Amino acid sequence: QADDVRLAEEAARIMGAAMLRLQGRPAPPRITAARFGALVNQGTLSAEALEQAEGVARSAERDLAAVLIEAGIPRDALGRCLAEFFGVRFFNYDGAWRIPHALRELFQPGFMRNQMLAPLELRPDGTLRLVMEDPSNLEVVDALKQRRLAANLELLVGLRDEIAAYIDAGPD
């Protein structure tokens, strides 16, 4: 039942933002603490500490994940939370991955940075694997599908700083 509530809240958030965009009004800032709710459920972090970290991130205009990492939460714990929240695999950047040259030509660096996404590989079956900070961003996912870059898309979630490092690492 908790998953149903979480999914309903996420759907409402997405639809609300879409309606505001249709009306020409800016969408409200995303509330990201829900993404890390599993840390509270597992007892890794108190609800108050998560709320405080969110306040710090918002006031300093920083990424919540970065604030949580600075507070001592391990990256792999954040990755598990994100994977569970979005229902996709987590991309753990180890510094060795490079964007394949053929895929780098399809994605402008400015677009990748602005949308915080990057291509990982094009599989032989025609599946394009992408890492995104927010795999629930239907506007971006739909735009990628409309470009018909591949037969299928497989989305992974990643941390903002790791996606940026992957983009900066240069071609293979």
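Located above this text is the structure these notes cover.
Residues numbered from 1 in each chain as written. Predicted model: local features only at pLDDT ≥ 70, side-chain atom pairs only at ≥ 80, totals over all residues. Heavy atoms only, no water.

Quick look at the pairing of strand S2 (residues 117–122) now. Pairing analysis gives five bridges linking S2 to strand S3 (residues 127–132), with the strands arranged antiparallel. Across the sheet, residue Leu-117 finds its bridge partner in S3, namely Met-132. Remark: four residues form the turn of the hairpin made by S2 and S3, two consecutive strands paired antiparallel; Gly-126 in that turn has positive phi of roughly 90 degrees. (Pairing = 2+ DSSP bridges. Helix = DSSP H or I, 4+ residues; strand = E, 2+ residues; numbered from the N terminus.)

The next thing to look at is the sheet that holds strand S1 (residues 89–90). Strand order in the open sheet made by the four strands is S1-S4-S3-S2, with mixed pairing throughout. The sheet terminates laterally at S1 and S2, the two strands that pair on one side only. Across the face of the sheet, helix H8 (residues 138–146) comes into contact with S2, S3 and strand S4 (152–157) while running at roughly 150 degrees to S4. Here helix H9 (residues 160–168) sits on the sheet and contacts S1, S2 and S3; the angle it forms with S2, its principal contact strand, is near 60 degrees. (Contact = heavy atoms within 4.5 Å. Axes fitted to C-alpha atoms, helices over the stretch in contact; angles between N-to-C directions.)

Right, let's talk about helix H5 (residues 75–86) for a bit. Residues lying three or four places apart along an α-helix face the same way, a consequence of the helix completing one turn every 3.6 residues. The terminal C-alpha atoms of H5 lie 16 Å apart, and with twelve residues this matches the ideal 16 Å at 1.5 Å per residue to within 8%. All of the buried residues in H5 are Ala-77, Leu-78, Gly-79, Cys-81, Leu-82, Ala-83, Phe-85 and Phe-86. Positive phi appears at Gly-87, one or two residues downstream of H5, with a value of about 70 degrees. (Expected span 1.5 Å × (residues − 1). Buried < 20%, exposed > 50% of the residue type's maximum accessible area, 1.4 Å probe, protein only.)

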